Amino acid sequence: MSASAVFVLDLKGKVLICRNYKGDVDMAEIDHFLPLLMTQEEEGLTCPIMSHGNVHFLWIKHTNLYLVATTNKNSNASLVYAFLYKVVEVFTEYFTELEEESIQDNFVVVYELLDELMDFGFPQTTDSKILQEYITQEGTKLEVAKTKVPTTVTNAVSWRSEGIKYKKNEVFIDVIESINLLVSGFTRRMLGLIHVNANGSVMSSDIVGTVKLKTMLSGMPELRLGLNDRALFALTGRDKGKTVTMEDVKFHQCVRLSRFESDRTISFIPPDGESELMSYRINTHVKPLIWIESVIEKFSHSRVEIMVKAKGQFKKQSVANNVEVRVPVPSDADSPKFKTSTGHAKYVPEKNLAVWTIKSFPGGKEFLMRASFGLPSVENDEMEGKPPITVNFEIPYFTVSGIQVRYMKIIEKSGYQALPWVRYITQSGDYQLRSNF
Amino acid sequence: MTDSKYFTTNKKGEIFELKAELNNEKKEKRKEAVKKVIAAMTVGKDVSSLFPDVVNCMQTDNLELKKLVYLYLMNYAKSQPDMAIMAVNSFVKDCEDPNPLIRALAVRTMGCIRVDKITEYLCEPLRKCLKDEDPYVRKTAAVCVAKLHDINAQMVEDQGFLDSLRDLIADSNPMVVANAVAALSEISESHPNSNLLDLNPQNINKLLTALNECTEWGQIFILDCLSNYNPKDEREAQSICERVTPRLSHANSAVVLSAVKVLMKFLELLPKELDYYNTLLKKLSPPLVTLLSGEPEVQYVALRNINLIVQKRPEILKQEIKVFFVKYNDPIYVKLEKLDIMIRLASQANIAQVLAELKEYATEVDVDFVRKAVRAIGRCAIKVEQSAERCVSTLLDLIQTKVNYVVQEAIVVIRDIFRKYPNKYESIIATLCENLDSLDEPDARAAMIWIGQVPRSAQTIHSLGGVLFQVQLTLLTAIVKLFLKKPSETQELVQQVLSLATQDSDNPDLRDRGYIYWRLLSTDPLICHIGSLASVYHKPPNAFVEGSHGIHRKHLPIQHGSIDTGESPVSAGPVVPIEQAQSVIPSQGDLLGDLLNLDLGPPVNVPQVSSMQMGAVDLLGGGLDSLLGGDLGGGVGGSPAVGQNFIPSSVPNTFAPSPTPAALSSGLNDLFELSTGMAISTGGYVTPKSVWLPAVKAKGLEISGTFSRRQGQMYMDMTFTNKALQHMTDFAIQFNKNSFGVIPTTPLPIHTPLMPSQSIEVSLPLNTIGPVMKMDPLNNLQVAVKNNIDVFYFSGLIPLNIFFVEDGKMERQVFLATWKDIPNENELQYQIKECHLNADTVSGKLQNDNIYTIAKRNVEGQDMLYQSLKLTNGIWILAELRIQPGNPNYTLSLKCRAPEVTQYVYQVYYSVLKN
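Since this is a predicted model, take the numbers as computed values, not measurements.

Cut-offs applied
- Each residue is numbered by its place in its chain's sequence as written, counting from 1.
- All chains are assigned letters beginning at A, and all ligands numbers beginning at 1, according to the order in which they are written.
- Side-chain atom pairs in this predicted model are given and counted only at pLDDT of 80 or more, local residue features only at pLDDT of at least 70, and totals for whole chains, interfaces and linings cover all residues.
- Values shown for side chains rest on all heavy atoms present in the structure; no hydrogens or waters enter the calculation.
- For patches, a residue must show more than 30% relative accessible area and have no salt bridge; joins then use 9 Å for like charges and 5 Å for nonpolar side chains, namely Val, Leu, Ile, Met, Phe, Trp and Tyr.
- Using a 1.4 Å probe, accessible areas were evaluated by the Shrake-Rupley method; residue-level cover was limited to the displayed protein chains.
- The term salt bridge refers to a side-chain nitrogen of Lys or Arg lying within 4 Å of a carboxyl oxygen of Asp or Glu.
- Charge convention: Lys and Arg are scored as positive, Asp and Glu as negative, and His as well as the terminal groups of each chain are ignored.
- Charge positions are represented by NZ for Lys, CZ for Arg, CG for Asp and CD for Glu.
- We count a stretch as a helix when DSSP gives it H or I for four or more residues in a row; a strand needs E for two or more, and each element gets its number in order from the N terminus.
- Scored between 0 and 100, pLDDT is the confidence that the predictor attaches to each residue.
- Within 6.5 Å between ring centres, the rings of Phe, Tyr and Trp (the latter by its six-membered ring) count as paired, and their orientation is classed by plane angle as stacked under 30 degrees, edge-to-face over 60, tilted in between.
- Our definition puts a charge over a ring when NZ of Lys or CZ of Arg is within 6 Å of the ring centre and also within 35 degrees of the ring normal.
- Pairs of strands are assigned from DSSP output, requiring at least two bridges between the strands.
- Throughout, exposure labels follow a simple rule: accessible area from a 1.4 Å probe, protein chains only, divided by the maximum for the residue type, with under 20% read as buried, over 50% as exposed, and the rest as partly exposed.
- Taking the helix axis as origin, the arc is that swept by the directions to the C-beta atoms.
- In this analysis, two residues are considered to be in contact whenever any of their non-hydrogen atoms come within 4.5 Å of each other.
- To define a nonpolar core, start from buried Ala, Val, Leu, Ile, Met, Phe, Trp, Tyr and Cys residues and group those joined through side-chain atoms within 4.5 Å.

Caption draft 1: Focus on a negative patch on the surface. Judged by side-chain charge, Glu41(A), Glu42(A), Glu43(A) and Asp368(B) come together as a negatively charged surface patch. If one sorts the elements of the negative patch by residue count, helix 1 (residues 33-43) of chain A sits on top with three residues.

Below, the structure is given as structure tokens:
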């Protein structure tokens with residue numbers, strides 16, 4: 001059905017640890033993995049699925065490791081990738097960092113986890129909080145009495161254990177919205193020598209929001225989250241205030257999906273501690289929060305001149321923090337000179353970027369940066385890519401979509417009062433403005 | 001202190017040292033030693049010689065140590081099978097441990113020890129664990145059954161583990177259900193024809209309930225299993241879809257994709273005019289788009305699947321072309337895939353945007369990507385005629401860049417555009433010629449030469465190209481046709497030709513046609529594999545999975561009958577035999593047929609079967625070709641004398657999947673439910689052979705025969721006599737669809753030539769898994785027999801008693817209830833005259849034919865016999881036989897939900913009692 005075996009390899013292709021789940025693929029097949037990958041890389045055509053004979057390798061890369069699943073069946077590929085990423089998540093929760101050393105330092109636990117995460121190619125319990133209840137790193141301290149299967153493992157509520165206690169019952173809700181933006185660029189050619197680049201129009205923009213929880217609640221609380229969801233309002237017939245149309249919503253395992261499907265109610269028993277409750281996608285066009293106008297003039301064999309104007313197109317009361325405008329420059333550029341109306345700019349040669357940083361950028365304001373670079377008289381023959389200008393920022397206390405938490409109802413049979421806290425933040429996602437270099 | 005210390009042992013005498021430590025008196029020391037052993041194993045050292053010492057450490061109450069020892073066992077048991085036996089006791093003991101964690105660990109590990117000798121010892125512990133009180137143990141045991149099946153399938157079946165597994169589908173714990181489903185699905189992969197999972201509406205309901213409660217992985221197992229189910233009608237399909245759609249909101253992308261698979265498949269069953277159909281289509285788009293914000297590998301799988309979905313149902317994503325615009329930081333495999341989807345979604349409405357994007361990509365640095373982008377511009381020109389001019393001018397702009405490979409690719413593409421739209425863009429030739437010198441690739445040069453010839457002899461070249469193209473097109477069509485007829489032999493050929501036509505051909509029309517065929521032949525079945533490797537490779541599983549040839553082909557369901565009648569359709573279940581028709585998809589069969597006949601006209605070899613009314617029409621009217629299969633085995637194979645094109649028997653079924661005769665009563669629907677009889681030995685009444693096919697009608701071949709049931713097996717017993725002057729060879733037989741789905745189990749066992757005036761006795765075993773069609777009379781069977789001379793047709797009546805199964809004895813209580821339950825108008829009375837037997841003899845005689853006497857009553861001097869019998873298709877017939885002393889006329893009352901059959905049952909009574 002899915003994986004026959006799972007391997008963790010270092011960058012040289014050496015097996016650090018592996019687990020054979022089904023025994024229908026020769027474990028030595030893994031030796032073909034790296035050579036295959038190298039060949040693909042040479043051709044510039046890597047692919048997350050490779051095959052050798054009738055063995056298929058499905059792989060992901062994490063830090064200095066390859067995680068590889070082998071199979072010789074028509075396996076469920078999306079399940080395998082979802083599983084491999086889950087393995088990364090679990091290992092990271094256990095060892096803080098998942099890398100070559102942490103595998104070796106913890107090989108006993110790694111084996112135990114691999115045994116518990118998957119059986120005969122079927123993924124089993126992959127919730128790290130629950131796993132930590134019966135697979136602990138302190139192996140030697142393990143008392144026989146303690147090592148019972150938590151009933152949670154097989155419960156319908158497989159993500160929360162019973163008997164959790166807090167003195168103060170609270171839940172923290174973070175609503176985080178990321179803006180993805182793609183703006184086209186165009187080039188004008190002047191005198192055949194100078195290339196002027198400027199930005200064009202918005203090609204696509206969307207918002208990906210997530211609702212994260214930090215739950216510090218006792219017992220088995222029933223929670224209900226109310227958002228200003230347009231579909232919900234339409235359903236209940238109420239019509240006050242601003243609502244938001246969510247294009248697509250994805251929920252944590254704990255949310256009752258059929259309930260949401262029928263009446264848009266988000267009801268759940270939350271996992272303890274931190275978790276991502278939901279994510280959503282919004283298609284509505286919004287004005288780019290930070291608009292960049294750039295003119296990049298390239299005088300061949302002589303210099304590049306860059307002018308970047310950044311404009312905060314959001315409410316005056318809000319402030320964007322840690323704004324970073326990253327402008328690509330030719331790889332053979334030298335002797336940078338900068339002039340900024342605010343913040344400071346620097347040249348990062350290893351990334352071929354000019355990076356302009358503004359710590360605090362109030363809404364409605366406009367700033368300017370000029371840079372110039374020298375170019376060698378003998379031009380670089382190699383074709384260079386045309387990386388886009390990218391922008392990073394975050395704006396606290398604000399959601400660009402206008403989404404709001406209207407209520408969070410918390411009901412537990414012991415009847416305690418619990419406090420929900422809400423925080424909003426908007427940040428840049430994939431925020432790209434195409435340039436033509 | 002970390003575990004890494006265990007990796008640093010001094011090389012010299014390492015094994016010896018470890019051996020000593022493993023036998024140390026102190027527990028802690030032993031555990032340390034086992035860790036060192038495992039560490040050595042991890043880095044690939046051979047520590048198998050320590051087997052007995054490690055196994056000695058197995059008896060411990062330290063869970064961690066136990067796990068390590070088990071790990072060692074899994075690794076080395078296979079290389080030390082004799083010593084692995086030592087571990088058996090420990091497993092058996094651990095399976096009884098009070099701690100469920102240890103019981104589960106034991107049952108999980110023992111299934112991983114792939115040593116045949118050991119497995120039999122594991123049956124008892126496994127049996128207990130399957131019934132364990134702890135769900136954690138049960139879910140582990142469920143998986144263990146699949147493991148054991150992999151090692152010794154026979155044993156698993158003999159021990160009844162498959163039944164236990166099936167029972168677990170009704171388990172109260174969702175995780176147990178999910179794992180049982182996973183295990184059964186896995187096992188059924190190697191049992192292509194069995195209905196292991198027994199997917200019936202009750203079980204489906206259980207699965208749908210568990211779907212809401214189990215883990216994300218369990219949901220995937222269940223969804224994948226659901227996608228193999230064929231709902232009986234649109235209502236059932238819709239209700240399943242309604243319960244599956246909430247899964248589209250799951251955070252796990254694999255859950256989403258598996259849900260999409262179920263929905264895409266069941267969409268086939270929903271009529272397009274249904275509101276729900278459109279609602280569902282709309283629901284599919286947002287989750288597919290969201291998959292593109294996942295990890296790059298997840299995006300890749302999603303894109304490959306979207307590519308298939310877009311081909312099948314372009315309407316789902318036609319508004320979403322922007323999400324497929326390439327981002328600078330996308331990995332190359334994502335970029336190339338997005339490009340492909342962009343072209344598929346390109347239309348007049350969005351072509352301006354698409355072209356602007358493609359032009360942007362064509363100035364990137366990645367050569368492969370750039371070339372593909374340039375080619376894409378050409379494909380747009382050919383796909384969207386209105387855009388051709390724009391495409392040409394875009395290509396000219398690109399040629400101005402003077403980037404070598406861009407220029408070359410653009411010139412190749414322009415040639416294609418010239419061919420598609422002759423005499424339109426020739427004015428640009430001069431511009432193209434400027435680049436003559438830079439062309440160093442053969443393709444580009446050839447294209448330029450072609451273009452260069454245009455002004456001088458545009459007409460000639462064009463017509464020549466035209467002729468060639470016609471030939472290619474005809475050839476392509478012919479090969480696709482051949483594939484439909486002989487799928488197994490020509491699959492490779494057809495794949496080759498299609499890839500030539502679509503990738504290597506420079507003729508856009510040919511490519512388009514190739515794509516259409518390819519799509520028709522392959523996309524649809526691939527939809528059944530959404531999320532799997534097949535969907536990523538865009539190949540059917542048997543193209544890359546060894547040993548899966550000929551088994552387990554998936555197909556999209558078929559929308560039954562006409563929607564208006566609303567009758568529940570016939571035989572949606574396991575009988576629809578799509579098996580041999582490879583990946584050809586039924587619902588599009590007509591379309592394909594039309595396409596195939598586009599160029600070649602009259603010889604309609606794809607039968608347009610309509611079996612709506614008269615039984616015989618479909619078979620005999622459809623032409624000889626449709627009757628006999630080329631895949632009948634030895635009888636026909638390779639006979640050069642057969643001048644006809646024989647279509648595999650399954651093709652007609654594929655194209656006309658048992659439509660619903662509107663007149664069918666609900667009783668008859670019962671009739672078509674299949675079930676298999678139990679095999680207990682009896683020998684029933686056999687009518688004497690009669691001549692079915694007289695020699696005068698069959699160019700000298702005479703066939704006489706009868707039907708019988710022996711040891712629970714049905715036979716057609718025949719005598720073939722050659723009354724001609726020449727010898728006869730190459731015999732083959734085929735049945736038309738019939739009321740009971742009777743088909744031969746084997747090819748006709750005549751392997752030697754039949755000499756003149758020679759006779760041969762043949763016993764042809766039959767089963768009832770064939771396609772079903774109501775015949776009139778009900779027991780009529782139409783048969784075609786072929787030999788080297790010709791094809792002959794005859795029909796015979798099957799005495800119904802060969803369908804009386806051995807387990808036809810009904811419980812008394814059930815009998816009473818059923819009798820009451822069947823409406824009185826279904827009761828029919830018959831007289832059997834001049835019969836001089838007493839009640840006991842009657843019972844005895846009838847029992848030989850699987851008519852069972854349940855009770856005998858004496859009412860007012862009359863003997864009343866209450867009897868039951870069951871047909872192979874699961875229909876019960878209840879009988880009351882009244883015998884009055886001194887009266888040779890018996891009265892037979894028959895009650896059945898399908899009263900059509902009673903008259904034939906009466907005939908059986910009559911012939912049994914009168915002979």
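Additional details are given in the paragraphs that follow.
Caption draft 2: Quick look at the pattern of salt bridges. Throughout the structure, instances matching the rule amount to 53 salt bridges over all chains. Via salt bridges that share partners, Arg19(A), Asp115(A), Glu116(A) and Arg108(B) belong to a single interconnected network.

Caption draft 3: Local environment of the confidence of the model for chain B. Across chain B, pLDDT averages 78, with 80% of residues at or above 70. Two numbers describe this predicted complex: its pTM, 0.71, and its ipTM, 0.91.

Caption draft 4: Structural view of the packing of aromatic side chains. Applying the stated criterion across every chain, the model contains 31 aromatic pairs over all chains. Between Phe172(A) and Trp421(A) the ring centres are 6.5 Å apart and the planes differ by 15 degrees, which places this aromatic pair in the stacked class. With Phe172(A) in strand 8 (residues 170-190) and Trp421(A) in strand 23 (residues 419-433), this pair connects stretches of sequence that are 249 residues apart. Members of the aromatic cluster, each reached through a chain of ring pairs, are Phe33(A), Phe57(A), Trp59(A) and Tyr66(A). In this arrangement the basic side chain of Lys409(A) is found over the ring face of Tyr407(A), its NZ or CZ atom lying 4.5 Å from the centre. Above the plane of the ring of Tyr328(B) lies Lys335(B), whose end atom (NZ or CZ) is 5.8 Å from the centre.

Caption draft 5: Looking closely at the sheet that holds strand 2 (residues 701-710) of chain B. Residues and elements named next belong to chain B. In space, the five strands of this open sheet follow the order 1-2-3-6-5, with antiparallel pairing throughout. In the strand order of this sheet, the two ends are held by strand 1 (690-693) and strand 5 (743-744), each with one partner. Looking at chain direction, strand 2 and strand 3 (residues 713-722) are connected through 10 bridges and run antiparallel. From the neighbouring strand, Ser708 faces strand 3, where its bridge partner is Tyr715.

Caption draft 6: Expanded view of helix 33 (residues 812-821) of chain B. Residues and elements named next belong to chain B. Within the sequence span of helix 33, burial applies to Phe815, Thr818 and Trp819. Taken around the axis of helix 33, the buried residues stretch over an arc of 100 degrees, which confines them to a single face. More than 90 degrees from the buried face of helix 33, the exposed residues found are Gln813 and Lys820. Looking at the buried side of helix 33, the elements it contacts are strand 9 (827-832), strand 10 (852-859), strand 11 (862-870), strand 12 (876-883) and strand 13 (890-896).

Caption draft 7: Expanded view of the nonpolar core. Counting residues in hydrophobic clusters, the biggest one holds 245 residues, and the most contacted among them are Phe91(A), Leu113(A), Tyr72(B), Leu126(B) and Leu358(B). Ranked by residues supplied to this core, first place goes to helix 2 (residues 77-95) of chain A with 14 residues. Leave out the neighbours within four places in its chain, and Phe91(A) touches Thr96(A), Leu98(A), Ile103(A), Val110(A), Leu113(A), Leu114(A) and Leu117(A). Leu217(A), Leu277(A), Ala310(A) and Val405(A) belong to the second largest nonpolar core, which has 72 residues in total.

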